[in-house]
Amino acid sequence: MESKPSKIVCVGRNYAKHAKELGNDVPSEPLIFLKPPSALLPSGQPIVLPHGAGRVDFEGEIGLVIGARASAVPAASGWDHVGAIVAANDVTARDLQRSDSQWTRAKGFDTFCPVGTPVTVDKVDRARLAVVTRVNGEVRQEAPASDMVFDIPALIAYISAIMTLEEGDLVLTGTPEGIGPLSPGDVVEVAVAGVGGVTNPVTAADR
Ligand code: MG
């Protein structure tokens with residue numbers, strides 16, 4: 001990311017099989033939360049596992065970079081506000097997500113939002129968007145965007161009815177099934193078809 005977004009809006013449980021793998025129902029409307037921009041991490045830099053945080057998972061996701069301010073946008077024009085697509089990893093401290101009543105801590109640690117290089121949306125085949133996550137070269141998640149419960153235009157409409165999305169803001173659209181824990185020494189790559197990826201080694205925090 002060339003400049004930091006004012007906010008990172010994330011969508012939870014937006015793939016039915018992923019909701020199920022964690023024992024959750026698919027929500028009746030999008031479930032959203034925020035990650036702080038301080039969590040952003042470029043490709044190549046290490047994801048730091050916080051001391052004492054317990055299990056930390058990868059979540060490969062299709063990221064959207066807002067290209068034009070969006071406030072109360074109808075779904076029919078949702079794509080008009082997406083400037084670029086980017087591979088993203090919604091790194092999550094799973095044990096803390098379960099023990100806390102909201103997700104700020106579990107989702108908000110420094111280094112918990114790796115993102116790749118955005119590709120402008122006009123250079124992307126929107127009909128074939130898909131995300132794949134590899135850990136140490138082995139495929140762990142793979143799903144097309146068409147598996148989303150709420151599609152990208154619906155997400156832009158829903159979020160922009162709550163908060164104005166500014167140019168440069170980032171939207172993470174949810175993760176498909178196959179999430180799993182990261183260990184020190186792992187290398188995790190999230191790739192979006194036609195867009196490229198974000199690859200990060202994993203390290204443990206110093207005490
Ligand atoms: Mg996620």
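All values reported here derive from a predicted model rather than from experimental measurement.

(A) Examining the overall build of the protein chain more closely. When its secondary structure is counted, the protein chain shows four helices and 16 strands. What you see for the protein chain is a C-alpha radius of gyration of 16 Å, in line with the 17 Å of a compact globule of 207 residues. Judged by the C-alpha coordinates and their principal axes, the protein chain covers about 45 × 35 × 30 Å. A sequence separation of at least 24 residues applies to 78% of the contacts in the protein chain between residues at least 6 apart. For the protein chain, the exposed area adds up to about 9200 Å²; of that, 48% sits on carbon and sulfur atoms.

(B) Structural context of the sheet that holds strand 6 (residues 60–66). With mixed pairing, six strands are arranged side by side in an open sheet as 2-1-13-6-7-10. Of all the strands in the sheet, just strand 2 (31–35) and strand 10 (119–120) have a single pairing partner and so form its edges. Strand direction decides the pairing type here: strand 1 (residues 8–12) and strand 13 (residues 170–172), joined by three bridges, are parallel. Counterpart to I8 in the pairing with strand 13 is L170.

(C) Molecular detail of the state of the cysteines. Overall, the coordinates contain zero disulfides when judged by the stated rule. The closest cysteine sulfur to the non-disulfide-bonded C10 is located on C113, 6.2 Å from its own sulfur. On the basis of relative accessibility, which here comes to 0%, the residue C113 falls in the buried class.

(D) Here's a closer look at the pattern of salt bridges. In total, this model carries ten salt bridges according to the counting rule given. With its nearest N and O atoms 3.0 Å apart, the salt bridge here joins E166 to R69. With E166 in the loop between helix 4 (152–160) and strand 13 and R69 in the loop between strand 6 and strand 7 (82–89), the pair connects residues that are 97 residues apart, well separated along the chain. Here E166 falls in the partly exposed class, since its relative accessible area comes to 28%. In this structure, the salt-bridge partner of E189 is R134, at a minimum N-O distance of 3.3 Å.

(E) Seen up close, helix 4. Counting buried positions along helix 4 gives seven out of nine residues, so the element sits mostly inside the fold. For helix 4, the full list of buried residues reads I152, P153, L155, I156, A157, I159 and S160. Tucked inside the fold, the buried residues of helix 4 contact strand 1, strand 2, strand 6, strand 7 and strand 13. Measuring from the side-chain oxygen of the N-cap residue of helix 4 to the backbone nitrogen of A154 gives 3.0 Å; that N-cap residue is D151.

(F) Representation of the side chain of Q141 within the structure. Within the secondary structure layout, Q141 lies in strand 12 (residues 138–144). Judged by relative accessible area, which is 1%, Q141 ranks as buried. Side-chain polar atoms of Q141 contact the backbone nitrogen of G60, separated by 2.9 Å. Apart from residues no more than four positions distant in its own chain, Q141 is found in contact with F58, E59, G60, V131, V132, T133, T175, P176, E177, G178 and I179.

(G) Main features of the coordination of the magnesium ion. Protein-derived ligands of the magnesium ion are E59 (OE), E61 (OE) and D90 (OD), with the metal-ligand distances lying across 2.0 to 2.1 Å. In primary-sequence terms, the residues that donate to the magnesium ion follow E-x1-E-x28-D. Judged by relative accessible area, E61 falls into the buried class, the value being 0%.

(H) Just the packing of aromatic side chains, in detail. Considering all chains together, one arrives at two aromatic pairs under this definition. Between F109 and F112 the ring centres are 5.2 Å apart and the planes differ by 55 degrees, which places this aromatic pair in the tilted class.

Rules of the game
Residues numbered from 1 in each chain as written. Predicted model: local features only at pLDDT ≥ 70, side-chain atom pairs only at ≥ 80, totals over all residues. Heavy atoms only, no water. Helix = DSSP H or I, 4+ residues; strand = E, 2+ residues; numbered from the N terminus. Rg over C-alpha atoms; globule rule 2.2 N^0.38 Å. Contact = heavy atoms within 4.5 Å. Areas by Shrake-Rupley, 256 points an atom, 1.4 Å probe, with all protein chains shown as cover. Pairing = 2+ DSSP bridges. Disulfide = S-S within 2.5 Å. Buried < 20%, exposed > 50% of the residue type's maximum accessible area, 1.4 Å probe, protein only. Salt bridge = Lys/Arg side-chain N within 4 Å of Asp/Glu carboxyl O. Polar contact = N/O pair within 3.5 Å; in protein donor to acceptor, adjacent residues only side chain to side chain. Donors = N, O, S within 2.8 Å, 3.2 Å for Na, K, Ca; no water. Phe/Tyr/Trp six-rings, centres within 6.5 Å; stacked < 30°, edge-to-face > 60°.

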